[in-house]
Amino acid sequence: QLQLVESGGGLVQPGGSLRLSCTTSASQFTLRNYNIAWFRQAPGKEREGVSCISNKDGRTYYADSVKGRFTISRDNAKNTVYLQMNTLKPEDTAVYYCASEYGRASCGLGYEYDYWGQGTQVTVSS
């Protein structure tokens with residue numbers, strides 16, 4: 001079973017930056033073969049798709065709320081997917097989850113994902 005691990009969350013001031021990482025401790029899995037997405041969930045709110053990157057063509061998608069501020073990327077040599085978050089706002093505060101899917105031609109923020117990490121807390125506050 002694919003096990004995803006998120007890291008890089010923390011406390012940051014508004015306007016600051018964080019880089020989240022998604023990887024796996026299971027060496028038999030190569031994340032480049034999976035569609036990878038980042039989701040987030042804030043208290044009292046529904047889970048929101050933030051960004052995803054396709055394994056087939058490398059296409060990326062972003063929620064309107066983060067376009068121009070967040071960037072998703074892969075480092076295949078490190079078997080890691082990153083979410084670079086810039087110009088962070090208090091409304092970005094949430095638990096961020098990495099998720100994977102295998103089989104679809106492209107990623108999407110409205111699709112079902114098979115495996116999920118435990119999440120990493122991002123808090124944007126003065």
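Whatever comes next refers back to the structure up there.
This structure is a prediction, so every number in the text was calculated from the model and none was measured.

Undergrad: Account for the overall build of the protein, with residues named and values stated.
TA: Of the regular secondary structure elements, the protein holds zero helices and eleven strands. Element order for the protein, N to C, with α for helix and β for strand: β-β-β-β-β-β-β-β-β-β-β. Scaling as 2.2 N^0.38, a compact globule of 126 residues should have a C-alpha radius of gyration of about 14 Å, and the protein matches this with 14 Å. Counting the 126 residues in the protein, one finds 43% classified as buried. Considering only contacts in the protein between residues 6 or more positions apart, those separated by 24 or more positions represent 59%.

Undergrad: Report on the state of the cysteines, specifying residues and quantitative values.
TA: Inspection of the entire model under this criterion finds two disulfides. Disulfide pairing is shown between Cys-22 and Cys-98; the S-S distance is 1.8 Å. Taking the sign of the S-S torsion, about -65° here, the bridge from Cys-22 to Cys-98 comes out left-handed. Here Cys-22, found in strand β3 (residues 18–24), pairs with Cys-98, found in strand β9 (residues 94–101); they are 76 residues apart in sequence, far enough to count as distant. Owing to a relative accessible area of 0%, Cys-98 belongs among the buried residues under this scheme.

Undergrad: Residue-level account of the packing of aromatic side chains, with values.
TA: For the coordinates displayed, the defined rule picks out five aromatic pairs. Relative to Tyr-34, the ring of Phe-29 lies with its centre 6.4 Å away and its plane at 65°, an arrangement referred to as edge-to-face. Each member of the pair, Phe-29 as well as Tyr-34, carries the same accessibility label: buried. Note on Tyr-97 and Trp-116: the rings are 6.5 Å apart at their centroids and 70° apart in plane angle, and the pair reads as edge-to-face. With a gap of 19 residues between them, Tyr-97 in strand β9 and Trp-116 in strand β10 (residues 115–116) connect regions that are remote in the sequence.

Undergrad: Account for unusual backbone geometry, naming residues and giving values.
TA: At Asn-79, a residue that is not glycine, the phi angle is positive and equals roughly 55°. Positive phi is not limited to glycine here, since Thr-87 has a value of about 50°. Secondary-structure assignment places Thr-87 in the loop between β8 (80–85) and β9.

Cut-off values and rules
- Starting from 1, residues in each chain are numbered consecutively following that chain's sequence as written.
- In keeping with the predicted nature of the model, local features appear solely for residues at pLDDT of at least 70, side-chain atom pairs appear and are counted solely at 80 or more, and the whole-chain, interface and lining totals rest on all residues.
- Calculation of side-chain values draws on the structure's entire complement of heavy atoms; hydrogens and water are dropped beforehand.
- Secondary structure counts use DSSP, requiring at least four H or I residues in a row for a helix and at least two E residues in a row for a strand, with both numbered from the N terminus.
- With C-alpha atoms as the basis for the radius of gyration, the globule rule is written as 2.2 Å multiplied by the number of residues raised to the power 0.38.
- The buried label goes to any residue with under 20% of its type's maximum accessible area, the exposed label to any with over 50%, and the partly exposed label to all in between, with areas taken from a 1.4 Å probe on protein chains only.
- The contact criterion used is simple: two residues touch if any of their non-hydrogen atoms lie within 4.5 Å.
- Two cysteine sulfurs form what is called a disulfide whenever their separation falls within 2.5 Å.
- Only Phe, Tyr and Trp rings are paired, with Trp represented by its six-membered ring, and only when their centres lie within 6.5 Å; those with planes under 30 degrees apart are stacked, over 60 edge-to-face, the remainder tilted.

Any functional reading would require information beyond the geometric quantities listed.
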